[in-house]
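A closer look at the structure
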Amino acid sequence: MKAVLIPGDGIGPEISQSVKDITLAMNLDIEWVTYQAGAEYASQTKEVFEPGLVDAIKKYKWALKGPTATPIGTGFRSVNVALRQQFSTYANVRPIRSFNGIKSKYENIDLVMIRENTEDLYKGIEYMVNENIANGVKLITREASEKICRYAFEYAKINGRKKVTAIHKANIMKFTDGLFLEAYRDVAKDYPEIETQEVIIDNMCMQLVLRPETFDVLVAPNLYGDIVSDLCAGLVGGLGFAPSGNIGDEYRIYEAVHGSAPDIAGKNIANPSALLLAFALMLEALGKTKEANQLREALSQVVEEGQVLTPDIGGKATTTEFTQAIINHL
C-alpha cells in the first residue's frame, strides 16, 4: 500500500528517516510518498503545502506527519489545523502511557485523550472589531459534539475501557460548553456499561496532577483537549513519547505531538519515539496489530535498558544509533 509521509520542519526529516528505516527493517508493505509542508517550505515557496499533497492524501487516505512549525503572531496558518479541517479528521486520539526508564513523577499511567478536532476556537473565526479590540468565535455544534463523544464511548467499548470523562466549563460557558455536555449525556445513555464523569477543565488539570490513575478515557472540545493532552504528556515524561492520531470517516493522519525543535535540527540527536509510536498507532489501525506491538516493545526495551538513548532522555546516542538499537530488538 501507499501512504503519505510529511517530514515537516526542523527535526522532522531526521525522525521521518527513522520511520522509513524501520518500515524497511520490518519488511512492511508500505510505500511512503513524501510531500513537504510547514513554515520552512512556506518561507521558500509562499505556499503552506507542496502541490499534490492534498490530492495524495485524498488518494491514499493514510498519512504520517512530522512536526511543523507555526510562527506565533503571524498570518501563517497552522498546517495541523488546516489538514484536520481539510479532511474532517474530527477525532484527535492521544494515548498516554508510562515508559519504564523515563523519569517521571508518576508510574503506570494509562490514559487516552480524545479531543474534538474541527471546531471550537480553533475554527479560526476571529476578526478585529477596531484597532484595539479583537474577537474570536467559539463555535460548538451538536453534530460535532455528539460525534466525538460517540467516538470516545466506542473507543472505550472496543478497548475494554471502563470510564469516559467529559471535560468542560459549562458552569461559565453555558451555551457552548453546555451544548457539548448535553451531547455527552445523550450519547452516554447508549453505553450504560461504561462509567461516566463530568469534570470542569480547571479542576480537571488539578485532579490529573493529584490522582491521574483515577482517569481512563477523556473527551473534550478542541481547546481543552489540546491543553489537557499536553498536561497528560507531562505525567509520563514529556512530549517525546506522545503520539497522536487524527481520525476521520475516510482519512487518517498520524503525527508526533511535539514541536520541530529548530535548535537541534540537523544534528542527528532528535528522539524519534513520538513519531514511531504514531506509526505504531497507524499500523494498528491498518490491522497490523502484531507489528505495532513489536515496534512498541522494541522501543520500550531500548528505553528501559538505557544503553542507547538520545540526549533528551539522558543518553548520548544519535537518532540513527537509537533507531538502529530499536531495529536490533525487532
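Everything in this summary refers to the structure shown in the same document. (Residues numbered from 1 in each chain as written. Predicted model: local features only at pLDDT ≥ 70, side-chain atom pairs only at ≥ 80, totals over all residues. Heavy atoms only, no water.)

1. Re the nonpolar core
Formally: In this text, buried Ala, Val, Leu, Ile, Met, Phe, Trp, Tyr and Cys residues form a nonpolar core when linked through side-chain atoms within 4.5 Å. Under the scheme applied here, a residue whose accessible area is under 20% of the maximum for its type counts as buried, over 50% as exposed, and between as partly exposed, the area being computed with a 1.4 Å probe on protein chains only. Each helix is a run of DSSP H or I of at least 4 residues and each strand a run of E of at least 2, with the numbering of both proceeding from the N terminus.
Counting 67 residues, the largest nonpolar core has W32, L64, I114, V164, V219, F279 and I326 as the members making the most contacts within it. For this core, the leading source of residues is helix α9 (residues 273-285), giving 10 residues. Ranked by size, the runner-up nonpolar core spans 18 residues in total, among them V33, F49, L83 and I253.

2. Quick word on the pattern of salt bridges
For the record, the criterion: Definition used for salt bridges: Asp or Glu carboxyl oxygen within 4 Å of a side-chain nitrogen of Lys or Arg.
Tallied over the entire structure, the rule returns 18 salt bridges. Of the charged contacts, one joins R161 and D110 as a salt bridge, the two residues approaching to 3.0 Å between their closest N and O atoms. With R161 in the loop between α5 (142-158) and β8 (163-168) and D110 in strand β5 (residues 110-116), this pair connects stretches of sequence that are 51 residues apart. Under the relative-accessibility criterion, R161 is labelled buried at 12%. Of the charged contacts in the structure, one is a salt bridge between K189 and D186, with a shortest N-O distance of 3.7 Å. Here D186 falls in the partly exposed class, since its relative accessible area comes to 30%. Several salt bridges share partner residues, and in doing so they unite R97, D110, R161 and D216 into one network.

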